[in-house]
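The primary structure of each chain is shown beneath.
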Amino acid sequence: MIILGIESTCDETAIALVKDGKTILAQAIASSADIHAKYGGIFPELACRRHLEAILPLLHEALETAKITPDQIDAIAVAKGPGLVGALLVGMQTAKGLSLAWNKPLIGVNHVEAHLYAAMMEQETPLFPALGLVLSGGHTLLLAIESLGKYRPLGTTVDDAIGEAFDKVAILLGLPYPGGPHVERIARHGNPHRHPFRAGKVKKNPLDFSFSGIKTSVLYAIQGKNLLDTEKADIAASFQEAVFTDLAGKTALALTHTPAQALYLGGGVCNNQRLRILFAEKFPHLPLFWPPALLSLDNAAMIGGLAYHKFLEREKRSDSLDLEVLPRIPIASF
Ligand code: KG4
Ligand code: ZN
């Protein structure tokens, strides 16, 4: 079964063709990060305009790369949320138009669930029960996964998402947007123990995350100083180490009371090599599944892949053409 996936939740516009939930026949992707770089964060109106310009050329590109014609496509899948409302609407309206014009079923999927699925995509049989960790620009979630589609939220951020914290720290360090990869790059030459930064503890739920305090500590370490590159590297390394140590600590705590045969990770922050090394050191006996590089940032292959399972689960029923975009989706109702 071939599913056309559409992704437009934030600043990436993407189209993919995916066979049987696993095999990526084509991926076409465009990012508007270059525009947002000037503002140091996402400018929603400009993201929407870029989605509108990019989406149809990307559709043609994907069809051409895969050498697929519309009659070979079995369904149209789209990320229905969470995300920026205007951005979501571009993907949703395109999906509905194609569904109507080509007479194909429509499948709306949850973008955050798709991030987790990206790490399962290459596996024949995922290992359940498991823990899941979504680490992106918009989301920080720790979940118990009973099976595909059955999740129990364990912890989330009470303020900034982890990727957002990286992006804000990057701005403080004078690095370009999106800042995560730049913080990682300069952190390689820094001393991770130079600054005693700590991510926040959340009293109400010890598995929740808080990154706004550490961002303020970074601000105090930088403010009013003319820092040398070596000093900036120490700040980046110390910030990164503190945040990842906090993630690992909360994951370890969750493991003490949540049965898990594996840990599935998703989202753009998973590109960070220090994160991967630290988790491998902390959890030597737990199978860790990371998304492949092309599937960690926002992409449409994870949407088309996850949609395959959702579609079979509901016996190939189409969503209605009234399907609405959902800027926020409670984790419990994945
Ligand atoms: O998953 P994603 O494309 O977007 C959302 O769904 O939100 O993730 C983008 C985020 C950005 O905040 C970016 O700075 C961060 O992932 N990121 C990284 C790295 N690569 C991307 N953060 C830390 N280290 C990296 N290497
Ligand atoms: Zn995402």
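Structural notes, computed from the coordinates. It should be emphasised that the depicted structure is a prediction, and the values quoted were computed from it without experimental measurement.

Protein-derived coordination of the zinc ion (ligand 2) comes from His 111 (NE2), His 115 (NE2) and Asp 298 (OD), at a distance range of 2.0 to 2.1 Å. Taken together, the 4 donor atoms coordinating the zinc ion (ligand 2) span angles of 95 to 131° at the metal, a pattern that classifies the geometry as tetrahedral.

On to the sheet that holds strand β9 (residues 263-266). Here 5 strands make up an open sheet; going across it, the order is β8-β7-β6-β9-β10 and the pairing mixed. The strands lining the two open edges of the sheet, one partner per strand, are β8 (150-156) and β10 (288-289). Pairing between strand β6 (residues 130-135) and strand β7 (residues 140-147): 6 bridges, direction antiparallel. In the strand pairing of β7, Val 134 is matched with Leu 141.

On to the environment of Leu 278. Along the chain, the position of Leu 278 falls in helix α9 (residues 273-282). Through-space distance from the C-alpha of Leu 278 to that of Thr 245 is 7.8 Å; in sequence the pair is 33 residues apart. With sequence-adjacent residues up to four places away left out, Leu 278 is seen in contact with Glu 241, Phe 244, Thr 245 and Ala 248.

As for its placement among the helices and strands, Asp 298 is situated in the loop between β10 and α10 (301-313). Polar contacts involving the side chain of Asp 298 include one to the side chain of His 111, which spans 3.1 Å. Side chain to side chain, Asp 298 and His 115 meet in a polar contact 3.0 Å long. Every residue in contact with Asp 298, bar those within four places of it in the chain, is listed here: Glu 7, Thr 9, Cys 10, Glu 12, Ile 29, His 111 and His 115.

Calculation criteria
- Residues numbered from 1 in each chain as written.
- Chains lettered and ligands numbered in written order.
- Predicted model: local features only at pLDDT ≥ 70, side-chain atom pairs only at ≥ 80, totals over all residues.
- Heavy atoms only, no water.
- Donors = N, O, S within 2.8 Å, 3.2 Å for Na, K, Ca; no water.
- Tetrahedral: all angles 85-135°; square planar, octahedral: opposite > 155°, others 65-115°.
- Pairing = 2+ DSSP bridges.
- Helix = DSSP H or I, 4+ residues; strand = E, 2+ residues; numbered from the N terminus.
- Contact = heavy atoms within 4.5 Å.
- Polar contact = N/O pair within 3.5 Å; in protein donor to acceptor, adjacent residues only side chain to side chain.

These figures capture arrangement, not role.
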